[in-house]
Amino acid sequence: MSHMLRNKVQRKFRMRGYTLQVEALTEVLSFVTQYPDNENEAIDLLLDNLQFLSLKSAILDKETVAKVVSDLLEAAAAGDENPNTPIGFGGSALRIINVFDVPKYRYDKTKKTFYEYAGRLPLHGDSSAKINVYRDRFLLLSQRLSRQPEFSKPAFDFDISEYRTCEISPIQSLVGRLGRTWIMGLISQLEDGHFYLEDLNAAVEIDFSDAKITTGFFVENSVVVAEGEMLPNGVFKAETCGFPPLEDREKSVTFCAGLDFFGGGTFTKEETLLLQEMETRAVKDMFVILSDVWLDNEETMGNLETVFNGFENVDVVPSLFVFMGNFCSHPCNLAFNSYSDLRSQFGKLGQMIASHQRLMEHCRFLFIPGPDDVGPSTALPRCPLPKYITEELQKHVPTAIFSSNPCRVKFYTQEIVFFRQDLLYRMRRSCLIPYLKEEASDPFQHLVDTIIHQSHLCPLPLSLQPIIWNYDHCLHLYPTPHTIVLGDKSEQRVHTYKGVTCLNPGSFSNDSTFVAYRPCTREVELSNL
């Protein structure tokens with residue numbers, strides 16, 4: 001019986017995205033066995049109350065579980081119903097993932113399979129870590145491309161007129177080769193003013209001047225597929241150029257079955273079906289997303305009060321408020337010295353939230369730092385806001401969650417990625433080839449096409465946007481998530497591409513815009529004051 005109970009506990013915790021250490025599992029079992037007739041209810045109660053802690057990791061230790069158990073036993077002893085018991089939504093559907101906790105997977109091109117990297121991941125990696133940034137990006141897209149029928153070699157020797165193939169040739173095989181061929185590589189500038197296409201073994205100078213291109217922003221360090229031929233001077237003359245084709249999410253998930261790329265835990269088929277059924281019933285759940293919330297700006301704070309008052313009085317309050325930086329109108333760089341003021345401004349925001357009783361009872365509040373917020377560096381991914389800045393707010397809103405940038409959220413089976421970066425302007429400035437306005441006039445569509453096809457949130461060169469080498473996998477978009485929220489100071493937008501909903505809530509402080517998102521139906525409501 002104890003073995004069955006142990007399996008039940010581990011299964012239920014895994015469904016919520018948690019992993020139990022041995023001592024923590026023992027603590028849970030000792031609590032649940034006190035209620036032999038209500039084991040399921042006891043486990044669910046424990047899980048629901050765990051959601052109210054600001055957890056730094058999905059791996060639960062004994063101290064964390066013991067704290068929740070102690071609170072529950074005290075409430076039971078007092079004969080009161082636990083005041084923290086969630087109502088309705090209750091956080092049980094929601095899993096907020098700090099990307100620094102996401103496991104790292106690497107592709108073995110010999111075995112043609114992914115494996116979890118078990119080595120150390122220091123913040124300051126060595127030179128091989130930088131090489132692996134590009135190697136892993138290339139292999140990720142290469143294995144995805146290998147499953148595309150158009151880019152696979154026919155199993156039988158069909159006549160080319162019957163079976164059109166675009167088989168990718170290694171760059172090192174181009175020497176002395178005549179005729180048109182397809183190659184895949186990473187755009188790099190090995191010499192000033194000369195661009196090359198690199199794969200894992202070789203590089204060739206490429207001429208894009210007359211190439212027909214697809215939608216998207218072609219920037220240095222992005223991976224492209226090109227068709228063309230070698231010229232006598234050793235330059236590859238590209239006739240067509242585009243991003244590696246996208247693969248259906250279902251196909252990627254099937255290929256990666258059992259691997260937790262997103263970081264929210266893996267489920268059995270039965271557990272997934274149960275979560276899908278629960279998700280279809282969560283039609284009233286809504287996320288309110290705001291970006292650029294300047295706490296030192298009186299007009300912004302007044303508008304925020306208006307938003308809170310509006311949602312306080314609706315029939316069903318939102319399940320989650322997402323606040324994305326920047327949280328100050330001035331960059332928090334070396335010249336910034338108003339940290340105590342910023343701390344007190346977060347305290348005022350906490351008081352404002354606490355004054356709205358229904359929001360406090362039923363909503364979760366998630367804070368994601370912006371590119372100019374307080375932090376150790378501007379490199380991505382960014383760690384959560386420091387405790388010194390946020391502890392005044394947490395005194396008023398103990399359930400507030402401060403996560404990384406980017407941040408991942410799992411709602412039942414749905415995967416949502418939040419990323420705050422002024423990416424559109426920087427991508428347009430970094431284009432090597434003018435983007436096609438005839439295909440799509442809206443630059444936001446080109447941005448969405450680029451990051452989805454590259455399976456990466458920030459395909460800019462490292463010289464323009466530093467990335468922590470050992471944590472580049474935190475910015476990967478593979479398998480493709482259901483929804484991507486790109487917080488950008490540009491005009492608010494929503495664009496659905498290949499089944500992926502991408503949205504920009506706009507700048508709340510500059511334009512008074514925000515977004516209401518219903519995860520069940522994936523409806524996006526662009527809002528402003």
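Up top you'll find the structure we're talking about.
Residues numbered from 1 in each chain as written. Predicted model: local features only at pLDDT ≥ 70, side-chain atom pairs only at ≥ 80, totals over all residues. Heavy atoms only, no water.

## Quick notes on the pairing of strand S11 (residues 236-242)
Let me state the cut-off plainly: A 1.4 Å probe rolled over the protein chains alone gives each residue an accessible area, and that area as a share of the maximum for its type sets the label: buried under 20%, exposed over 50%, partly exposed in between. For helices the rule is a DSSP run of H or I covering at least 4 residues; for strands it is a run of E covering at least 2, with both sets numbered from the N terminus onward. Paired strands are those between which DSSP finds at least two bridges.
In terms of residue burial, S11 counts as a mostly covered element, since 5 of its 7 residues are buried. In this sheet, S11 lies alongside strand S10 (residues 223-230) in antiparallel orientation, the contact comprising 6 bridges. Along S11, the bridge assignment pairs Met230 with Phe236. As consecutive antiparallel partners, S10 and S11 are separated by 5 residues, and within that stretch Gly234 has a phi angle of approximately 85°, a positive value.

## Side note on empty space enclosed by the protein
Counted only if it meets this: Only protein atoms enter the 1 Å grid, on which a cavity is a set of points fitting a 1.4 Å probe that cannot get out and a pocket is an open set with protein on both sides within 12 Å along at least 5 of 7 lines, lining residues being those with an atom within 4 Å of a point. Grid points are joined across faces, edges and corners, and a volume is the space filled by probe spheres set on the points. For this classification, the nonpolar set comprises Ala, Val, Leu, Ile, Met, Phe, Trp, Tyr, Cys and Pro, the charged set comprises Asp, Glu, Lys and Arg, and every other residue, Gly included, is treated as polar.
Applying the stated criterion across every chain, the model contains 5 cavities of 30 Å³ or more. A volume near 130 Å³ is recorded for the largest cavity. In terms of lining residues, the largest cavity is bounded by 13 residues, among which Tyr105, Leu140, Phe261, His473 and His476 are the most central. Broken down by secondary-structure element, the contributors of at least two residues to the lining of the largest cavity are strand S4 (105-108) and helix H5 (127-145). No other element matches S4, which puts 3 residues into the lining of the largest cavity. Of the residues contributing to the lining of the largest cavity, the split by class is 8 nonpolar, 2 polar and 3 charged.

## Regarding the packing of aromatic side chains
So the rule is basically this: Only Phe, Tyr and Trp rings are paired, with Trp represented by its six-membered ring, and only when their centres lie within 6.5 Å; those with planes under 30 degrees apart are stacked, over 60 edge-to-face, the remainder tilted.
Overall, the coordinates contain 28 aromatic pairs when judged by the stated rule. Where Phe218 meets Phe243, the ring centres are 4.5 Å apart and the plane angle is 15°; that geometry is what we call stacked. In this pair, Phe218 is assigned in the loop between strand S9 (212-213) and S10 and Phe243 in the loop between S11 and helix H6 (249-255), connecting sequence segments 25 residues apart. Like Phe218, the residue Phe243 is buried in the burial classification. With a centroid separation of 6.4 Å and 65° between ring planes, the pair formed by Phe508 and Phe514 is classed as edge-to-face. Of the two residues, Phe508 and Phe514, both sit in the buried class. In textbook terms, an aromatic cluster arises when at least three aromatic residues are bridged by ring pairs, as seen for Phe308, Phe311, Phe321, Phe323, Phe327, Phe346, Phe365, Phe367, Phe402, Phe508 and Phe514.

## So, the nonpolar core
This is how it is decided: Nonpolar core, defined: a set of buried Ala, Val, Leu, Ile, Met, Phe, Trp, Tyr and Cys residues in which side-chain atoms within 4.5 Å join the residues together. Here a residue-residue contact requires only that any non-hydrogen atoms of the pair lie within 4.5 Å.
Ranked by internal contacts, the top residues of the largest apolar core, which has 36 residues, are Leu304, Phe308, Phe321, Phe323, Phe346, Phe365 and Phe367. Of all the secondary-structure elements, those providing two or more residues to this core are strand S12 (287-291), helix H8 (298-312), strand S13 (320-324), helix H9 (339-354), strand S14 (364-368), helix H11 (387-396) and strand S21 (513-518). Phe323 has contacts with Leu290, Val293, Leu304, Phe308, Phe365, Leu366, Phe367 and Ile368, leaving out every residue within four places of it along the chain. Counting 35 residues, the second-largest nonpolar core is a separate cluster that includes Leu423, Leu447, Ile451 and Cys458.

## Describing the sheet that holds strand S22 (residues 523-528)
Spatial ordering of the open sheet is given by S15-S14-S13-S12-S21-S22, a layout of 6 strands whose pairing is mixed. The sheet is open, and its two edges are formed by strand S15 (401-402) and S22, each paired on a single side.

## With respect to unusual backbone geometry
Put simply, Leu380 and Pro381 share a cis peptide bond, and its omega is -10°. Relative to the assigned elements, Pro381 resides in the loop between S14 and H11. Here the residue pair Asn405 and Pro406 is connected by a cis peptide bond, since its omega of 5° sits within 30 degrees of zero. Looking at the element boundaries, Pro406 is found in the loop between S15 and strand S16 (407-411). Here Lys498, not a glycine, exhibits a phi torsion of approximately 55°, which is positive. By the element assignment, Lys498 lies in the loop between strand S19 (493-497) and strand S20 (500-504). The phi torsion at Arg522 lies on the positive side, around 60°, for a residue other than glycine. For Arg522, the position within the fold is in the loop between S21 and S22. Taking relative accessible area as the criterion, Arg522 reaches 26% and is therefore assigned partly exposed.

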